[in-house]
Amino acid sequence: MKDPKIISEVLGSKYIFLRNGESGIPKSLHILTAQLLQNNIISLDDIYPWLTPDDKVMHKECEKNMKDAKEYFRKLQVISVNKTEKEDTPEDPENPTEKYKSNQKLGLCEALLLVGDWNNAKILMNHLPEFYAVGFESIALAL
């Protein structure tokens, strides 16, 4: 296959097929995609639309997390003199590992960093909310 669009569509269909799998996307698929990007066989613009979750979802999630963090900080500043007042228990925190496994864009970002393709990794991180990618341990370690 010499057409980059066809290669991107084949990879994209693989991402879609594996999206609903129990084990998530294998790291080898991310590495393969990163190597194709690094060697300019495909472009990031061709594969990016196939990856999930949508940018709008990640931006909303990031805004919600910032609001929750500000609210938590505000509650830390409040001093309660009434001992009988029942404190709010925080909700069960989301598992960041599960969130990372289901995010194909973060997996590709990590793979790009592992193969040494900083240019495409930077372009991909610019699509995400600010500092979103480095909030995950595996990407921070790859950096």
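Up top is the structure these notes are about.
So, a few notes on the structure that sits alongside this text. Keep in mind it's a predicted model, so treat the numbers as computed, not measured.

### Concerning the overall build of the protein
(1) Moving on: Broken down by element type, the protein carries eight helices and zero strands.
(2) Moving on: The order of helices and strands in the protein, counted from the N terminus, is α-α-α-α-α-α-α-α.
(3) Moving on: The buried share of the protein, taken over its 143 residues, is 34%.
(4) Moving on: The contacts in the protein between residues at least 6 apart in sequence include a share of 72% that link residues at least 24 apart.
(5) Moving on: For the protein, the exposed surface amounts to about 10,300 Å²; the carbon and sulfur share of it is 55%.

### A word on the packing of aromatic side chains
Any pair of aromatic rings gets described here by the distance separating the centres and the angle formed by the planes.
(1) Moving on: A full pass over the atoms with the stated rule returns one aromatic pair.
(2) Moving on: Between Tyr132 and Phe136, the aromatic rings sit 5.7 Å apart at their centres with planes inclined by 65°, giving edge-to-face as the arrangement.
(3) Moving on: Assessed through its relative accessible area of 11%, Phe136 is described here as buried.

### Focus: the pattern of salt bridges
(1) Moving on: The final tally for this structure, using the stated rule, is five salt bridges.
(2) Moving on: Taking the shortest distance from any N to any O, the salt bridge between Asp55 and Lys105 comes out at 2.8 Å. Separated by 50 residues along the polypeptide, Asp55 in helix α4 (residues 55-77) and Lys105 in helix α6 (residues 104-115) bring together distant segments of the chain. Each of the two residues, Asp55 as well as Lys105, counts as buried.
(3) Moving on: The residue Asp68 makes a salt bridge to Lys64 at a minimum N-O spacing of 3.0 Å. Of this pair, Asp68 and Lys64 both sit in helix α4, four residues apart, which is roughly one turn of that helix.

### A word on the nonpolar core
(1) Moving on: Formed by 31 residues in total, the largest nonpolar core has its most connected members in Ile47 and Leu108.
(2) Moving on: Sorting the residues of this core by element identifies α1 (4-19), α2 (27-38), α3 (44-47), α4, α6, α7 (118-127) and α8 (137-142) as the ones contributing at least two each.
(3) Moving on: A per-element tally of this core places α6 first, with six residues.
(4) Moving on: Among all residues touching Leu108, those that are not within four sequence positions of it are Tyr15, His30, Thr33, Ala34, Leu37, Leu44, Ile47, Leu51 and Leu124.

### Considerations on the packing of α1 against α2
(1) Moving on: Relative to each other, α1 and α2 sit at 160°, their axes nearing to 12 Å. Our classification of the angle between α1 and α2 gives roughly antiparallel. Two packed elements cross with a definite hand, and for α1 against α2 that hand is left-handed. Residues Ile7, Leu11, Lys14, Tyr15 and Leu18 of α1 touch α2, and the partners they reach there are Leu29, His30, Leu32, Thr33 and Leu36.

Reading the values: rules and limits
Residues numbered from 1 in each chain as written. Predicted model: local features only at pLDDT ≥ 70, side-chain atom pairs only at ≥ 80, totals over all residues. Heavy atoms only, no water. Helix = DSSP H or I, 4+ residues; strand = E, 2+ residues; numbered from the N terminus. Buried < 20%, exposed > 50% of the residue type's maximum accessible area, 1.4 Å probe, protein only. Contact = heavy atoms within 4.5 Å. Areas by Shrake-Rupley, 256 points an atom, 1.4 Å probe, with all protein chains shown as cover. Phe/Tyr/Trp six-rings, centres within 6.5 Å; stacked < 30°, edge-to-face > 60°. Salt bridge = Lys/Arg side-chain N within 4 Å of Asp/Glu carboxyl O. Core = buried A, V, L, I, M, F, W, Y, C linked by side-chain atoms within 4.5 Å. Axes fitted to C-alpha atoms, helices over the stretch in contact; angles between N-to-C directions. Parallel < 35°, antiparallel > 145°, perpendicular 65-115°, else oblique. Left-handed = near helix turned anticlockwise from the far one by under 90°.

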